[in-house]
Amino acid sequence: MRSLTQDDCHVFCTEEQIQSEFGRALAVIREVMGAYGFDDYYVRLSLRDQGDDKYVQDDERWTKAEDALRLALDAEGMEYVPVTGEAAFYGPKADFMARDALGREWQLSTIQVDFIQPARFGLEYIAEDGAAHTPVHAS
């Protein structure tokens with residue numbers, strides 16, 4: 001029997017750092033998936049259903065988050081399957097899906113991009129321009 005226990009990781013970064021942070025998270029996922037022999041997996045790009053009110057209503061931030069996640073996946077050469085209605089209530093996510101020996105599908109890892117929660121929590125950092133800005137949450 002093999003086992004893996006993993007905690008959450010929450011990264012707060014600038015918009016310009018999303019792609020590099022995504023690349024770091026992806027490197028860890030690839031290493032772990034390879035170590036456990038999960039060579040046949042795919043990425044499900046989990047998007048919101050715009051008609052569903054379970055998602056935070058902020059079209060501008062949703063569009064930015066979805067675009068940033070697509071760009072990060074494209075930059076890493078990752079193929080993905082977009083699936084509407086599978087996003088977290090606050091942002092899109094890249095779900096790494098694999099099958100076990102019995103053919104059952106499991107979500108093994110996730111990278112999310114969140115432009116909404118940091119603003120709702122009032123998070124800020126002081127940028128090089130000396131002004132306060134809201135970070136992006138990647139987990």
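Source: prediction; values computed, not measured.

Attention now goes to the pattern of salt bridges. Summed over all chains, the structure comprises 10 salt bridges. The residue Asp 58 makes a salt bridge to Arg 61 at a minimum N-O spacing of 3.3 Å. Lys 93 is the salt-bridge partner of Asp 95, the closest N and O atoms lying 3.7 Å from each other. Taken together, the shared-partner salt bridges connect Arg 44, Glu 86, Lys 93 and Asp 95 into one network.

This next bit is on the sheet that holds strand β8 (residues 136-138). With mixed pairing, 6 strands are arranged side by side in an open sheet as β1-β8-β5-β4-β2-β3. The open sheet is flanked by β1 (11-13) and β3 (80-84), the only strands paired with a single partner. On average, adjacent strands in this sheet sit at an angle of 25 degrees to one another, irrespective of strand direction. Here strand β2 (residues 41-47) pairs with β3 via 5 bridges, running parallel. Note on β3: the bridge partner recorded for Val 43 is Tyr 80. Of the strands in this sheet, β1, β2, β4 (93-99), β5 (105-114) and β8 touch helix α1 (residues 18-35), which is tilted by about 165 degrees from β5. Taken strand by strand, helix α2 (residues 59-75) contacts β2, β3, β4 and β5, and its axis lies near 165 degrees from that of β2.

Conventions and cut-offs
Residues numbered from 1 in each chain as written. Predicted model: local features only at pLDDT ≥ 70, side-chain atom pairs only at ≥ 80, totals over all residues. Heavy atoms only, no water. Salt bridge = Lys/Arg side-chain N within 4 Å of Asp/Glu carboxyl O. Pairing = 2+ DSSP bridges. Helix = DSSP H or I, 4+ residues; strand = E, 2+ residues; numbered from the N terminus. Axes fitted to C-alpha atoms, helices over the stretch in contact; angles between N-to-C directions. Contact = heavy atoms within 4.5 Å.

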